[in-house]
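Notes for the structure review
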Amino acid sequence: MATRKVDVAIIGAGTAGLTAYNAARKHTDNLLLIEGSHYGTTCARVGCMPSKLLIAAAESAHDAANTGLFGIQVGKIVVNGEKVLERVRKERNKFVESVLATVDAIPSAHKLVGRVRFISPGRLAVGEGIEIKAGRIVIATGSSPTIPDMFQGLGQTAAGE
Ligand SMILES: Cc1cc2nc3c(=O)[nH]c(=O)nc-3n(C[C@H](O)[C@H](O)[C@H](O)COP(=O)(O)OP(=O)(O)OC[C@H]3O[C@@H](n4cnc5c(N)ncnc54)[C@H](O)[C@@H]3O)c2cc1C
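Now for a quick tour of the structure. Since the model is a prediction, treat every value here as computed from it, not as a measurement.

Moving on: the nonpolar core. Ranked by internal contacts, the top residues of the largest apolar core, which has 15 residues, are Ile10, Leu18, Tyr21 and Leu33. If sequence neighbours within four positions are ignored, leucine 33 has contacts with Ile10, Gly12, Ala13, Gly17, Leu18, Tyr21, Ile106, His110, Lys111 and Leu112. The next biggest cluster of nonpolar side chains, apart from the first, holds ten residues, and it includes Ile11, Leu32, Ile132 and Ala134.

Quick look at the structure:
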């Protein structure tokens, strides 16, 4: 197993991990940001950003359906779900691209892709082949939802999201 020694290892390149990376880099150049899945952050890829875009569309439809209060008459409100999601995905992709540009700007020597597990205090295994010895370790692995049994059978959408 290849071994690398760093001052700081950050597990997870989400919003918290990227922030930790920027903070740690002010103190050392010998650091590593390790991501086990996709770059781009939960917030931009599937969390805050797309959900707020969807809510904005719903609010827009709600406003359009309630103009009568102001003495304004509009025609029948039609919500085109396909178009709504098309916009959500387009805008979401812009947010993700901006995060990916930030990740691209991080020197490749500071990045590693692979699932991390602790071997012992201060020692990490990344995938099967790499061991990291770190003076400091930041755990920025986010969280994952618990899916109640009643929703287990629902699976993914056609878009796989
Ligand atoms: C639908 C939805 C809507 C949301 N809306 C809002 C909102 O409006 N406002 C708000 O403030 N927050 C919102 N959130 C919450 C917000 O997205 C999270 O709080 C935030 O993304 C957490 O950032 P993080 O860096 O802790 O985790 P993440 O961005 O999830 O990053 C964790 C990273 O760690 C990696 N990782 C995990 N385990 C390992 C491992 N063992 N080895 C290597 N890498 C690993 C993961 O692959 C991931 O990339 C929302 C979340 C969801 C799901």
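Around the ligand there are 23 residues in total, and Ala16, Glu35, Thr42, Lys52 and Val116 lie nearest to it. Arginine 115 places a side-chain nitrogen or oxygen 3.4 Å from a nitrogen atom of the ligand. The contact in question runs from a nitrogen atom of the ligand to an N or O atom on the backbone of valine 116, over 2.9 Å. Calculation on the ligand without its partners gives an accessible area of 1000 Å², and the protein chains cover 63% of this total. With respect to the pocket detection grid, the ligand is positioned in the largest pocket. Counting only elements with at least two residues in the shell around the ligand, the list comes to helix H1 (15–25), strand E2 (31–35), helix H2 (42–45) and helix H3 (48–65). In terms of residues, the shell around the ligand owes the most to one element, H3, which gives three residues. Counted by class, the shell around the ligand contains eight nonpolar, twelve polar and three charged residues.

Let's shift gears to a nonpolar patch on the surface. There is a patch of nonpolar side chains on the surface, built from Leu69, Phe70, Ile72, Val74, Ile77 and Val79 and spanning about 630 Å² of accessible area. In this structure, valine 74 sits in the loop between H3 and helix H4 (81–104). On the accessibility criterion, valine 74 (41% relative accessible area) is partly exposed.

Conventions and cut-offs
- Residues numbered from 1 in each chain as written.
- Predicted model: local features only at pLDDT ≥ 70, side-chain atom pairs only at ≥ 80, totals over all residues.
- Heavy atoms only, no water.
- Core = buried A, V, L, I, M, F, W, Y, C linked by side-chain atoms within 4.5 Å.
- Buried < 20%, exposed > 50% of the residue type's maximum accessible area, 1.4 Å probe, protein only.
- Contact = heavy atoms within 4.5 Å.
- Near = heavy atom within 4 Å.
- Polar contact = N/O pair within 3.5 Å; in protein donor to acceptor, adjacent residues only side chain to side chain.
- Areas by Shrake-Rupley, 256 points an atom, 1.4 Å probe, with all protein chains shown as cover.
- 1 Å grid on protein atoms, 1.4 Å probe; cavity = no way out; pocket = protein on both sides within 12 Å on 5 of 7 lines; lining within 4 Å.
- Sits in = over half its atoms within 2 Å of the grid points.
- Helix = DSSP H or I, 4+ residues; strand = E, 2+ residues; numbered from the N terminus.
- Nonpolar A, V, L, I, M, F, W, Y, C, P; charged D, E, K, R; others polar.
- Patch = residues over 30% accessible without salt bridge, like charges linked within 9 Å, V, L, I, M, F, W, Y side chains within 5 Å.
- Salt bridge = Lys/Arg side-chain N within 4 Å of Asp/Glu carboxyl O.

Take it as geometry only, folks, not as evidence of what the structure does.
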